[in-house]
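Residue-level listing of the chains:
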Amino acid sequence: MQTTPRVEDFYTQHLEQTRSLTVRVDCPAKTNLTLEVGPTHEEWGGRHALDTIYCAVGVYDTVTATAKAPGSGFSLDLEGTHLGDLASSSSDMRRNHAVLALFAMAQAANREPDVALTITKRIPVGAGLGGGSADAAAAILAIDRLWELNWPIERLSEIAATLGADMPFCLTGGLAHGTGFGEQIEDIEAGSDRAHDLEAQGFTGEVLVGAYHAQLSTPEVYHTFDVVGAGEGDHNHLQAAAISLHPRSGRAIEAALKAGARHAFVSGSGPSVVAFVPDHATAQRIIDAWMQQDAADRIIRAKAPATPIIGVTQ
Ligand SMILES: C[C@@](CO)(OP(=O)(O)O)[C@H](O)COP(=O)(O)OP(=O)(O)OC[C@H]1O[C@@H](n2ccc(N)nc2=O)[C@H](O)[C@@H]1O
Ligand SMILES: Nc1ncnc2c1ncn2[C@@H]1O[C@H](COP(=O)(O)OP(=O)(O)O)[C@@H](O)[C@H]1O
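This is a predicted model, so every value here is computed, not measured. (Residues numbered from 1 in each chain as written. Chains lettered and ligands numbered in written order. Predicted model: local features only at pLDDT ≥ 70, side-chain atom pairs only at ≥ 80, totals over all residues. Heavy atoms only, no water.)

(A) Spatial organisation of the domain arrangement of the chain. If you check the domain split of the chain, you get domain 1 (20-189) and domain 2 (202-304). With 26 residues of domain 1 at the interface, the matching set in domain 2 holds 27 residues. For the pairing of domain 1 and domain 2, the buried interface totals around 2,000 Å² over both sides, and the portion due to carbon and sulfur atoms is 59%. Of all residues in domain 1, the largest losses of buried area upon contact with domain 2 belong to Leu-33, Leu-35 and Val-37, amounting jointly to 25% of the total for that side. Taken together, domain 1 and domain 2 are joined by zero salt bridges. Where domain 1 touches domain 2, the interface holds 13 residue pairs in polar contact (both at pLDDT 80 or more). Of all the secondary-structure elements, those providing two or more residues to the side of domain 1 that touches domain 2 are strand E1 (22-41) and strand E2 (47-67). No other element matches the eight residues that E1 contributes to the side of domain 1 that touches domain 2. (Domains from an automatic or database assignment. Contact = heavy atoms within 4.5 Å. Buried area = accessible area lost by both parts, 1.4 Å probe. Salt bridge = Lys/Arg side-chain N within 4 Å of Asp/Glu carboxyl O. Polar contact = N/O pair within 3.5 Å; in protein donor to acceptor, adjacent residues only side chain to side chain. Helix = DSSP H or I, 4+ residues; strand = E, 2+ residues; numbered from the N terminus.)

As C-alpha cells, then:
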C-alpha cells in the first residue's frame, strides 16, 4: 500500500535553532608597550601619528549576540560592578561602542540590526585599556558568526577602523605593531623574533593592573600632550600628560618599580597603570605597596598577551 512520506523538516528546525543561537565573545583589554606620538594630521581629523606596540591583556569583557524577531530593533543589557560613566542614566545606549559596531555591521551586510546584545564589563572604563574598543571588536566578531557572514579579518578590520583607532587590533589581540593613527596593524606572530625580543625584555607573563574610579578623556590627554610633551625616557609619550591630570598613576608606577616590577607605565591615555612582574613574590610586594599607599582603587592580576575567545551556545 502506498504510504504518504513523512516530511523530515530540518530547515525550519535550523531556522529556530539559528534564532535561539547566542554567540559569546570574551575580548581582552589592550595596553601599549610603547606609544610614540608624532604630529597631528588634518587628513586624519587632527589625530596624531602613532608608532605603538599593542599588547592584549587578559582582563576580559564578555559580549553576547542573539538574533531578535525581524523589525524589532536592537537591545543592550549592561552587567558588571565597574561600569564607570556607563552606569549613569544619561549614558546613551545608542552611543555604546558595541552598538555602534552592530550598526556598522548591519550597514555593511545590508541587514536590520535586530540583535540583542549583552555586555559584561570587567575592563575598567575610561582607563586607557581599550574597553570600549574591546566591546566593539567583540560585537563585530559575534555578529559575523551570528549572521554566518564568515568575512575575512581584513574586511572586519576595515569596519572596525571606522569606529576607533585601536579597534582593528582588538579583533585579533596578541601583540601587534600599530602605525598611522593606530589603525594600521602588523601582527607580531607568537614565536617570531620580535615576540621573543619583547619576551626577553620582560613584556610577557604576569601583569598587575592598577585601576581607578577616576576616568581620563582620551582627547584631553592628547591635548595635554600637545602642551607638556613626552617625559624623558618614557616609552609611552602620553604618560607625562596622563600623570599631570591624574598624579596617583605616577605614584603607582614609582611604587611598582621600587617593589621590583620589570616595567610599570600608564596604559595608553590612562589613568590605569600596567606593571609586568617577574614572579608571584614581586606581584605580592607591589599589591602590598599599592594598598599601603592607596595608589590604586582596583587591583587586577592578569596574563599577557591574550586573544579573543569566541563561543556559541544554543
Ligand atoms: C590612546 C590610545 C592608544 O592606543 O588608546 P586608549 O589609551 O585611549 O585606549 C588610542 O590612540 C586612542 O585612540 P581612539 O580610541 O581612536 O581615541 P578616542 O578615545 O576615540 O578619542 C579620539 C580622540 O583622541 C585623539 N586622538 C586619538 C588617536 C590618535 N592617534 N590621535 C589623537 O589625537 C583625537 O583628539 C581624537 O578625536
Ligand atoms: N562598551 C563600552 N565600554 C567602555 N566604554 C564605552 C563603551 N561604549 C562607550 N564607551 C565610552 O567610551 C569612553 C572611553 O571608554 P574606554 O574605551 O573604556 O576607555 P579608553 O578609550 O581610555 O580605553 C567612556 O567614557 C565610555 O563612556
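(B) Structural context of the site of ligand 1. Near ligand 1 lie 17 residues; those nearest to it are His-48, Ala-165, Phe-181, Tyr-222 and Ser-269. Within the contact set of ligand 1, a nitrogen atom lies 3.0 Å away from a backbone nitrogen or oxygen of Phe-181. Within the side chain of Tyr-222, a nitrogen or oxygen atom sits 2.7 Å from an oxygen atom of ligand 1. When isolated, ligand 1 has an accessible area of 680 Å², and the protein chains bury 82% of it. Of all elements in the fold, only E1, E2 and helix H7 (218-228) reach the threshold of two or more residues within the shell around ligand 1. (Near = heavy atom within 4 Å. Areas by Shrake-Rupley, 256 points an atom, 1.4 Å probe, with all protein chains shown as cover.)

(C) Geometry of the site of ligand 2. As a matter of local geometry, ligand 2 sits amid 19 residues, with Asp-85, Gly-128, Gly-130, Gly-132 and Asp-135 nearest to it. One of the backbone N or O atoms of Gly-128 is found 2.8 Å from an oxygen atom in ligand 2. In the environment of ligand 2, an oxygen atom lies 3.4 Å from a nitrogen or oxygen atom belonging to the side chain of Gln-215. In isolation ligand 2 exposes 530 Å². Once the protein is present, 81% of that is buried. By residue number, the principal contributor to the shell around ligand 2 is helix H3 (residues 131-146), which donates three residues. Residues that form the shell around ligand 2 fall into these classes: six nonpolar, ten polar and three charged. (Nonpolar A, V, L, I, M, F, W, Y, C, P; charged D, E, K, R; others polar.)

(D) Up close: the UniProt feature "active site" (unreviewed entry) in the chain. What UniProt calls "active site" (unreviewed entry) maps, in this numbering, to Lys-30 and Asp-166. In terms of the greatest pairwise C-alpha distance, the residues named above, spread along 137 residues, form a tight cluster of at most 8.6 Å across. In this structure, Lys-30 sits in strand E1. Apart from residues no more than four positions distant in its own chain, Lys-30 is found in contact with Tyr-54, Cys-55, Ala-56, Val-57, Gly-128, Leu-129, Gly-130, Asp-166, Phe-169, Ser-267 and Gly-268. In terms of polar contacts, Lys-30 uses its side chain to reach the side chain of Asn-32, at 2.5 Å. Within the element layout of this structure, Asp-166 appears in the loop between helix H4 (153-161) and helix H5 (167-172). Residues within four places of Asp-166 in sequence aside, it is in contact with Lys-30, Tyr-54, Gly-130 and Ser-133. (UniProt positions renumbered as here; feature names shortened; annotations may be inferred.)

(E) Structural context of the packing of helix H2 (residues 97-109) against H4. In contact at an axis separation of 10 Å, H2 and H4 are set at 125° when each is read in the N-to-C sense. One finds that H2 runs oblique with respect to H4. Remark: the crossing between H2 and H4 carries right-handed chirality. When H2 is examined against H4, the residues Ala-104, Met-105 and Ala-108 are found in contact with a partner set consisting of Arg-155, Leu-156 and Ile-159. Residue classes in the contact of H2 with H4 are distributed as five nonpolar, no polar and one charged. (Axes fitted to C-alpha atoms, helices over the stretch in contact; angles between N-to-C directions. Parallel < 35°, antiparallel > 145°, perpendicular 65-115°, else oblique. Left-handed = near helix turned anticlockwise from the far one by under 90°.)

(F) Summary view of the packing of aromatic side chains. For the coordinates displayed, the defined rule picks out five aromatic pairs. Between the aromatic rings of Tyr-54 and Phe-169, the centroid separation amounts to 4.8 Å while the plane-to-plane angle is 15°, which identifies the pairing as stacked. With a gap of 115 residues between them, Tyr-54 in strand E2 and Phe-169 in helix H5 connect regions that are remote in the sequence. Just as Tyr-54 is buried, Phe-169 falls in that class too. Among the aromatic residues, those joined into a cluster by ring pairs are Phe-203, Phe-265 and Phe-276. For the cation-ring pair, Arg-155 lies above Trp-151, with the distance from its terminal atom to the ring centre recorded as 3.7 Å. (Phe/Tyr/Trp six-rings, centres within 6.5 Å; stacked < 30°, edge-to-face > 60°. Buried < 20%, exposed > 50% of the residue type's maximum accessible area, 1.4 Å probe, protein only. Lys NZ or Arg CZ within 6 Å of the ring centre and 35° of its normal.)

(G) Expanded view of the environment of Ile-119. Along the chain, Ile-119 falls in strand E4 (residues 115-120). Spatially, the C-alpha atom of Ile-119 lies 7.6 Å from that of Leu-76, the residues being 43 residues apart in sequence. The residues touching Ile-119, leaving out its near neighbours within four places in the chain, are Thr-62, Val-63, Leu-76, Asp-77, Leu-78, Glu-79, Asn-96, Ala-98 and Asp-135.

(H) Just H3, in detail. For H3, with 16 residues, the first-to-last C-alpha span of 22 Å sits near the 22 Å given by 1.5 Å per residue. Downstream of H3 by a residue or two, Glu-148 has a phi angle that is positive, lying close to 55°. (Expected span 1.5 Å × (residues − 1).)

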